[in-house]
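Structural overview for review
Here is how the chains run, residue by residue.
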Amino acid sequence: MLQVDLNCDMGESFGRYRLGSDADLLNEMTSANIACGFHAGDPSVMRTTVRMAAGKGVSIGAHPGLPDLAGFGRRRMEVTSEEVYDMVTYQIGALQAFVKQEGAALRHVKPHGALYNMAAVERLLADAIAEAVYKTDASLVLYGLAGSELIAAGKARGLRTAAEVFADRTYLEDGTLMPRSMSGAVISDPEQAVKQVLQMVMKGTVTAASGKTIDITADTVCIHGDGEHALSFAQTLRAMLEKENVAVRSL
């Protein structure tokens, strides 16, 4: 039987600002990527989200990003590999403390936003992230864009990796995500997004924006929790996967 993990970026509220329906989304997800305070989240939000995920048996992962609250971590920054190593280590450690306090276990690490996209194509940054994860806890699974330098770096360092695909993003022919600054980068039609996920999970392919069909590996599917219809989409997607006899479970 085919199986796939459903992951969602969570804990991205900050102070008085609330983002996403984390409590409800956790009912549909098998893995939660929890923001660690750099691109979003704060200590109280981190603790609350960890507690909710642990209470629902959802696998917990750290979601480290660039230090850019105003830009939600989606703006590129010129950072060195040493800086990336330090900031990823710092953020994993912060979340680990809350996870330990709740009697749960940290299972994976998934970089966020611009840091994720940069590491997908820049091997030095990918190596820095893989090294930070390995030196912190070599049992952690490293999530990265399918076919990316981040996946290659994780494997080279001896980490278990998970090739990630996106339900609501379009792809270029080289397997990278179309930049959000380009028209058509985000899929707003839920039907189209579900169709794309089923193709990636069941056929191992995705249709790029150019119309060309490319191969892709789908160990885990990302659903963006900050989307306007994230909850209803997650419910529909999970139901469709299970209807096609795809087991939805954490890695």
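What comes next concerns the included structure. Residue indices begin from 1 for each chain and proceed along its sequence in written order. Since the coordinates come from a predicted model, pLDDT governs what is reported: local features require at least 70, and pairs of side-chain atoms require 80 or more to be given and counted, while whole-chain, interface and lining totals use all residues. Only hydrogens and water are set aside when side-chain values are computed; all heavy atoms of the structure are taken into account.

1. Some words on the nonpolar core
The biggest cluster of nonpolar side chains holds 75 residues, and the ones touching the most others in it are Leu95, Ile129, Tyr171, Val221, Leu237 and Leu241. With residues near it in sequence (within four places) discarded, valine 221 still touches Val4, Asp5, Leu6, Asn7, Val165, Ala167, Val197, Val201 and Leu237. Definition of nonpolar core: a set of buried residues of the types Ala, Val, Leu, Ile, Met, Phe, Trp, Tyr and Cys, connected through side-chain atoms within 4.5 Å. Accessibility here uses a 1.4 Å probe with only protein chains present; expressed as a share of the type maximum, an area under 20% marks a residue as buried, one over 50% as exposed, and anything in between as partly exposed. Contacts are residue-level and defined by heavy atoms, with any inter-residue pair within 4.5 Å sufficient.

2. Some thoughts on the side chain of threonine 170
Numbering goes from the N terminus for both helices and strands, where a helix is a DSSP run of H or I of at least four residues and a strand is a run of E of at least two. Residue placement: threonine 170 occurs in the loop between β6 (160-166) and α7 (190-203). A relative accessible area of 12% places threonine 170 in the buried class. Aside from chain neighbours lying at most four places away, what touches threonine 170 is Thr176, Leu177, Met178, Gly184, Ala185 and Ile187.

3. Quick look at unusual backbone geometry
Residues other than glycine seldom take positive phi values, yet phenylalanine 72 does so here, at roughly 55°. Following the sequence through the fold, phenylalanine 72 ends up in the loop between β3 (59-63) and α3 (81-101). When its relative accessible area of 16% is taken as the criterion, phenylalanine 72 is described as buried. With a phi angle near 65°, asparagine 245 is a residue other than glycine that sits in the positive phi range. Assignment of secondary structure puts asparagine 245 in the loop between α8 (230-243) and β10 (247-248).

4. Notes on the pairing of strand β4 (residues 106-109)
For a regular strand, side chains alternate in direction, first toward one face of the sheet and then toward the other. Pairing between two strands requires that DSSP report at least two bridges joining them. Bridging between β3 and β4 involves three bridges; their strand directions are parallel. Paired with alanine 62 across the bridge in β4 is valine 109. Taken together, β3, α3 and β4 constitute a β-α-β crossover, and its handedness is right-handed. Across two bridges, β4 lies against strand β5 (residues 141-145) in parallel orientation. Looking at β5, one finds that histidine 108 is bridged to valine 141. Here the term right-handed applies to a crossover when the path leading from its first strand over the helix to its second strand runs clockwise, the strands being oriented away from the viewer.

5. Here's the deal with the pattern of salt bridges
The term salt bridge refers to a pairing of a side-chain nitrogen on Lys or Arg with a carboxyl oxygen on Asp or Glu at a separation within 4 Å. Applying the stated criterion to the full structure yields eleven salt bridges. A salt bridge links arginine 76 to glutamate 122; the nearest nitrogen and oxygen atoms lie 2.9 Å apart. Of this pair, arginine 76 sits in the loop between β3 and α3 while glutamate 122 sits in the loop between α4 (113-121) and α5 (123-136), placing them 46 residues apart in sequence. The residue arginine 123 makes a salt bridge to glutamate 149 at a minimum N-O spacing of 3.4 Å. Here arginine 123 is found in helix α5, whereas its partner glutamate 149 is found in helix α6 (residues 149-157), with 26 residues between them in sequence. Note on arginine 123: relative accessible area 33%, which makes it partly exposed. Residue glutamate 149 is classed as partly exposed on the basis of its relative accessible area, which comes to 29%. If you follow the salt bridges from partner to partner, you end up with Asp9, Lys110 and Glu164 in one network.

The values reported here are purely geometric and, on their own, carry no functional implication.
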